[in-house]
Each structure stands twice: as structure tokens, then as C-alpha cells.
Amino acid sequence: MEIQKIMVIGAGQMGSGIAQVCASAGFDVILHDIKEEFVNKGYHSIEKQLQRQVEKGRLTPQEKDETLQRITPSVELSNARFIDIAIEAVVEKMDVKTTLFHELDQLAPDHAILATNTSSLPITEIAAATKRPEKVIGMHFMNPVPVMKLVEIIRGLATDDEVFQNIYDLTKKLNKVPVEVNDFPGFVSNRILMPMINEAIYTVYEGVASPEAVDEVMKLGMNHPMGPLTLADFIGLDTCLFIMETLHEGFGDDKYRPCPLLRKYVKAGWLGKKTGRGFYSY
């Protein structure tokens, strides 16, 4: 199947980034969200990102305009009837995703692939909300999407080989690097990253070292570009807690138990950069 028209559902940071790379690669994109203000914010974010590329000489003004022209704003999910693939990038809540996929299943053409950008939830469970589980797949982009090269491609239990190959090929056309991953909690990226972040939080919680010291050790000693606690603040401590809870529930292993300090910060509303305070103040 040749993919031509893509619908990105969710116009937040991840969704707008996915829409940008799809449009930049020459695909027609429908950028959808539940409110016009959300779609407009996402569209303007893309416009701003592309303008930066123009100012750096990486893009011509004409290329920027052509990319933006390929993006159609949407607040009607019924626009899914025109697509070849939907890429979902909404909130990380299973009930929200399964409701959305059930609706998409009824609206999208029979040939359409339904992909989810989930960072930790089971693809098989999301697929079970549809009558086309063989056409449901995980397509986990990294943040920020326009910069980061990796996309985890996750098969559900029923995902068809041809669907996997279509998504693998699409990822390459987006100038990304696809990596095949099986459907386990956290996949590969978050199964390794989040316990590391959680252990860094335990190190602070137990008084071993300050957040600054922990981050310096990992940056200067392990050559990480960013310390784990700074990274946690950028990801959002609520997101980190959610993924740790998903890993803990999915594997039933105490090595994935979220640190009490992480829970305390989230309850305090200290969610990181987005709220102005986490392990650091912003």
C-alpha cells in the first residue's frame, strides 16, 4: 500500500512534531485535535520551528511555505475517512486511546493503518478496541520529533507483516531510523531509561548526593548529554511516574517501584520544567 495522506491526532508537542516531519517529507497531513485553539497552537508551533530552519539557512522560504500548505487543520474526527494512516499522539491514558481507536476504526477506510505514539502502553490492548487489530501498530517517536532520529516500531500480537513493512518504509521516508521492538511494557527506550531516572531519584531521596551532583556524575562520568534529573524535569515528573507505574504493574517486579520522592513531587505539583519547578527551578 502506498501511504499518501496522514492524519496526526493530538496537536501537542509530540503531535505537532510528527505532523511537521510528515509534511516536510512531502506527505499531505491532517493535524487534528478536539479544539480549534489546540490545533492552531500546534500549527503555529510548526510554523515557528520551520522559520528557525529558514533563519539558519537549512530551508528556503518557499520550502517552508510548501510544507505548511501540506498541513490541513481539523477538529472533526470524521476527516479520518480520507486517510491512509492515522498516527495518534494523545494523552497517555488507556481509556482515552481505546475510545479513540474504536472511533477511528469506524471512520477510517478499510485499508487504513492505525498507529499509536504511546511510550509505554500495550499495543495489543489498544488494537483490541478495533475490528482491525492486524492494522494496528506502535510508532513511538522521540522528543523533540524534528531532531531525534529514532522511531520504535512495535508490533501488537496481531500486527500483519505487510503493515509492519509499510510503517518501517514510511519511517525511512520521514528521514528517521526505525527499530523493531516487541510489545512489552515500556518497549526498549523507557524500560531502560525510566528505571535509570528512578534510581537517580532514589539517590537523592536516600541522601547519597544532590541533584546537581547526580547529573554531573552522569554527564562527565558516563558521557550523557544531559543528567537524568534534568531529563526527568524536561520529560515531566508526572509522565515519569506514569511510565514507572506501567512498568511496575506490567512486570509485577519491585525493581520498577516508583521512588516515594517522585510521588511526593508529583503530588506537590512539582512536575518539572512545565510547572517551573521539579528537581530544579525554571
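Residues numbered from 1 in each chain as written. Predicted model: local features only at pLDDT ≥ 70, side-chain atom pairs only at ≥ 80, totals over all residues. Heavy atoms only, no water.

When cut into domains, the protein chain gives domain 1 (5-182) and domain 2 (190-275). Relative to domain 2, the C-alpha centre of domain 1 lies at a distance of 28 Å. In this assembly, five residues from domain 1 lie in contact with four residues from domain 2. Across the domain 1/domain 2 interface, buried area totals approximately 390 Å², and carbon plus sulfur atoms make up 60% of it. Looking at the side of domain 1 facing domain 2, the largest losses of area belong to Glu-92, Ser-119 and Ser-120, adding up to 74% of the total buried there. Across the contact surface, domain 1 and domain 2 share zero salt bridges. Across the domain 1-domain 2 interface, the total number found is one residue pair in polar contact (both at pLDDT 80 or more). (Domains from an automatic or database assignment. Contact = heavy atoms within 4.5 Å. Buried area = accessible area lost by both parts, 1.4 Å probe. Salt bridge = Lys/Arg side-chain N within 4 Å of Asp/Glu carboxyl O. Polar contact = N/O pair within 3.5 Å; in protein donor to acceptor, adjacent residues only side chain to side chain.)

Right, let's talk about the UniProt feature "binding site: NAD(+)" (unreviewed entry) in the protein chain for a bit. The UniProt feature table records "binding site: NAD(+)" (unreviewed entry) at Gly-10, Ala-11, Gly-12, Gln-13, Met-14, Gly-15, Asp-33, Glu-92, Lys-97, Ser-119, Asn-143 and Lys-274. Spatially, the listed residues are scattered: they cover 265 residues, and their C-alpha atoms lie as much as 23.3 Å apart. Here Glu-92 is to be found in the loop between β4 (85-88) and α4 (94-107). If sequence neighbours within four positions are ignored, Glu-92 has contacts with Lys-97, Thr-118, Ser-119, Ser-120, Leu-121 and Phe-242. (UniProt positions renumbered as here; feature names shortened; annotations may be inferred. Helix = DSSP H or I, 4+ residues; strand = E, 2+ residues; numbered from the N terminus.)

At a closest axis distance of 9 Å, the pairing of helix α2 (residues 36-55) and helix α3 (residues 61-69) adopts a crossing angle of 160°. With respect to each other, α2 and α3 are oriented roughly antiparallel. In the crossing of α2 with α3, the sense of the turn from one axis to the other is right-handed. When α2 is examined against α3, the residues Tyr-43, Ile-46, Glu-47, Leu-50, Gln-51 and Val-54 are found in contact with a partner set consisting of Pro-61, Lys-64, Thr-67 and Leu-68. Looking at side-chain class alone, the contact of α2 with α3 contains six nonpolar, two polar and two charged residues. (Axes fitted to C-alpha atoms, helices over the stretch in contact; angles between N-to-C directions. Parallel < 35°, antiparallel > 145°, perpendicular 65-115°, else oblique. Left-handed = near helix turned anticlockwise from the far one by under 90°. Nonpolar A, V, L, I, M, F, W, Y, C, P; charged D, E, K, R; others polar.)

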